[in-house]
Structures are given as C-alpha cells and as structure tokens.
Amino acid sequence: MTPMRIAGHEFTSRLILGTGGFPRLGTLDEAIRASGTEMVTVALRRIDAAARGSLVDVLDACGVRVLPNTAGCFTARDAVLTAKLARDAFETEWVKLEVIGDERTLLPDAVELVAAAEQLVDDGFIVLPYTTDDPVLARRLEDVGCAAIMPLGSPIGSGMGINNAYNLRLIREGTALPVILDAGVGTASDAVLAMELGCDAVLCASAISRAEDPVAMARAIRLAIEAGVLARGAGRIPQRRYAEASTQHEGAPEFVHPSDPARAPQA
Amino acid sequence: MIVVNGRDTDLSPGITLRGVLDSVGAPGRGVAVAVDAEVVPRGEWDVFRVPDGARVEILTAVQGG
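The residue numbering used here restarts from 1 in each chain and proceeds along that chain's sequence as written. Chain letters start at A and ligand numbers start at 1, both assigned in the order the entries are written. With the structure being a predicted model, the display of local features is reserved for residues of pLDDT at least 70 and the display and counting of side-chain atom pairs for 80 or more, all residues being used for whole-chain, interface and lining totals. The side-chain numbers reported here are obtained from all heavy atoms of the structure, hydrogens and water having been left aside.

In the nomenclature of an unreviewed UniProt entry, chain A corresponds to Thiazole synthase from the organism Baekduia soli. Checking UniProt for chain A, the heading Sequence similarities (unreviewed entry) contains the comment "Belongs to the ThiG family." UniProt positions are given in the numbering used here, feature names are shortened, and annotations may be inferred rather than shown by experiment.

Structure representation (structure tokens):
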C-alpha cells in the first residue's frame, strides 16, 4: 500500500488503534503488534496510585506514536485545556479532538468542536477532529486548519458500521485532507467498506479490544484495510439491477433430447 | 486547604507542585498538571507554589479510544 500522510508525517499503516477497552495491557501489546498500527490513542485521567503496569511503557516498547484524545469533554473550553495537558504530558502537538454533545449517543457537538479546533490550530496543534458524517461540517473543520477529517460511521462503540455511506462519499469528494473513519466499526467488513468508499484510514478501538479474540480481530482489520485499498484501486464493476452473464452466448449448443415432443420421428 | 484530584488534603499551602506530585507518587513521565483549570508546564513544577484553596488535577495516560 502507498503510505498515508497526515500533517507531513508518513504512515505505512492505515489503521489507528484506540487503546480503550482492552482487558489487559498484555493483550493490548499483542493487538498493537498484530494490527501493524503506528499510532494509538490514549486518554488523560486522574492518576491512580493503585493502577498496575504502565500504559506508556507498553506503547514505548511497541514503538508507536501516541495520539492523545479529549474524550469526555463536553465543551470547547475543557477540550482545549485537556489537549494542552496532553501536550505537556506526552510532548506531542497531535490531538484527537472529541467534543461530545450527547451522553447517550456520544455524538459530537458541532459548534463546540469547530470552536475548539480553531483555538487548538491557532495554538500550534495538529488537530484530528472526531466529527459527525456531515460533509458541510467537514468543510468547516478543514477551513479552520484541521489536519484530517475523522467522521463517524455510527456511534462510538455501537459496532453498527457505516450508517450513511453516501455522506462519507461526499466528505471524501469534498476534501483533500485525509479522511479517517472513526467510530462504528464492528468487524472487518466495515473497515473494507470504509476503504472502498475512499477513506484513507480507519480508527477503531472497541471492535478490536472488545472482540472475543482481540489479537485475531486486530489482524483481521489490518488485512481488511489492505483488501479495501486494493479493491478501491482495482475499480469495482458498476452495480446493476439485473444479471449480466459473464459467459458469451455465441456458440451455445442447441440440445434436442429424445423425449422432447418436438423431436421428429425417425424414418 | 489544597484539593488534589477532588480530595481534600492536609498539604500546606505554599508547597511546590513537585511536593504535591511526590505526595501522590506520580511517575516521572506521562503526567500533566492543572491548577485551577490552568496548565502548569512541567518546567515550572519545582518552583510553582500551590496557593490555599487551589484545586490541583494530576493526570496521566489511561487506555482510551
């Protein structure tokens, strides 16, 4: 696969792995390696003296880039503060910007999202916004200087896949930025579809971390992304309403069976 | 009174942020601190003195999508 570029940085892998939901750090470590990912998300939370093992050590050992998120923020103000704290903690300007507007669906708050993105870009951040599948909002995010567009396929952790392929196509057509499907992937076929629709990458967490066998699913989604990229490049056939035979009709024999009533009696 | 991660502490006002971090056993990296909803960069932890009534948030990396 050709590499993907985000903000001038080249990635060979087109899978960004969310680290949320893995039952053990050991499983996360194995899944990162099986996925082939080069960048994983982390969140910031209050320090817990009882926490066992260091997430940062695992990520270091795997040699992956850290993409901090602003999960749990409901206002631009809190998201900007969280991004700044993450920059200090991880020494990175990269941020997966999440500004949530609804607790039940975890859908983004478009107004707060654009406001936060604008402030963070002005402050030198490389902003990767988690957004709805709204093509107009995607354009607004591009206008304020985001480094990629990360539309959802369906709500976070829902595993419903891509609910509106039409909108994803419009987002793809409307921007030169990388488009990364972020949220909704349930299994490998969703990742294939995302790539066939023209996405540059897929970000997923729950589909892998909460699978019965996270390491196997990590490999499955890695291969799915590869399959989707190849299929898109190969150029699919148009969809038709009725069949179109792939075997020519010319030269087909005309069989006449002895029992056929039309058969002429032998002299 | 200094509030650290939502809990009242008996730390004395005027303590450095480094002192507060030591009191919770914070690791040397992957940590960020906000005092009264403002980032205090790690370069200032040794000299920043925490005022009375301050609310300190000490954060670190956790798994998250």
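Participant: What should I look at first to understand the overall build of chain A in this one?
Facilitator: Every helix listed is a DSSP run of H or I at least four residues long, and every strand listed is a run of E at least two residues long, numbered separately from the N terminus. Summing up its helical and strand segments, chain A has 9 helices and 10 strands in all. Here the globule rule is a power law, 2.2 Å times the number of residues to the power 0.38, and the radius of gyration is based on C-alpha atoms. For 267 residues, the compact-globule estimate of 2.2 N^0.38 gives 18 Å, and chain A exceeds it by more than 25% at 24 Å. Based on the C-alpha atoms only, the size of chain A along its principal axes is roughly 100 × 40 × 35 Å. Burial analysis of chain A (267 residues in total) assigns 49% to the buried set. Two residues form a contact once any of their heavy atoms are found within 4.5 Å. Taking all contacts inside chain A whose residues are at least 6 apart in sequence as the whole, residues at least 24 apart take part in 65%. We get accessible surface area from the Shrake-Rupley algorithm with a probe of 1.4 Å; when it comes to residues, only the shown protein chains can shield them. If you sum the accessible surface of chain A, you get close to 13,800 Å²; carbon and sulfur atoms cover 49% of it. We call a residue buried when its accessible area falls under 20% of the maximum for its residue type, exposed when it is over 50%, and partly exposed in between, using a 1.4 Å probe and counting protein chains only.

Participant: How should the pattern of salt bridges be read in this particular structure?
Facilitator: Where charged atoms from two side chains of opposite charge come close, those side chains can pair. Any carboxyl oxygen of Asp or Glu within 4 Å of a side-chain nitrogen of Lys or Arg constitutes a salt bridge here. For the coordinates displayed, the defined rule picks out 13 salt bridges over all chains. The salt bridge partner of Lys-84 of chain A is Asp-123 of chain A, with a shortest N-O separation of 4.0 Å. You can see Lys-84 of chain A sitting in helix α3 (residues 76–90) and its partner Asp-123 of chain A sitting in the loop between α4 (110–122) and β7 (126–131), a full 39 residues away along the chain. Residue Asp-123 of chain A is classed as partly exposed on the basis of its relative accessible area, which comes to 33%. Here Arg-140 of chain A makes a salt bridge to Asp-143 of chain A, at a shortest N to O gap of 4.0 Å. In this pair, Arg-140 of chain A and Asp-143 of chain A both sit in helix α5 (residues 135–143), 3 residues apart, roughly one turn of the helix. Judged by relative accessible area, Asp-143 of chain A falls into the exposed class, the value being 57%. By sharing partners, the salt bridges in this structure join Asp-57 and Asp-60 of chain A together with Arg-29 of chain B into a single network.

Participant: Got a minute to help me understand the sheet that holds strand β6 (residues 94–97) of chain A in this structure?
Facilitator: The sheet built from 3 strands is open, its strands ordered β6-β7-β8 (chain A) with parallel pairing. Edge strands, defined here as strands with exactly one partner in the open sheet, are β6 and β8 (150–151) of chain A. Between any two strands, pairing holds if DSSP finds at least two bridges.

Participant: Whenever I open this one, the UniProt feature "active site" (unreviewed entry) in chain A confuses me. Can you help?
Facilitator: UniProt marks Lys-96 of chain A with the feature "active site" (unreviewed entry), using the numbering shown here. With respect to the helices and strands, Lys-96 of chain A occurs in strand β6. Given the relative accessible area of 3%, Lys-96 of chain A is considered buried. The contacts of Lys-96 of chain A, once residues within four sequence positions are left out, are Thr-41, Leu-67, Pro-68, Asn-69, Thr-70, Leu-128, Tyr-130, Met-150, Asp-182 and Leu-203 of chain A together with Gly-65 of chain B.

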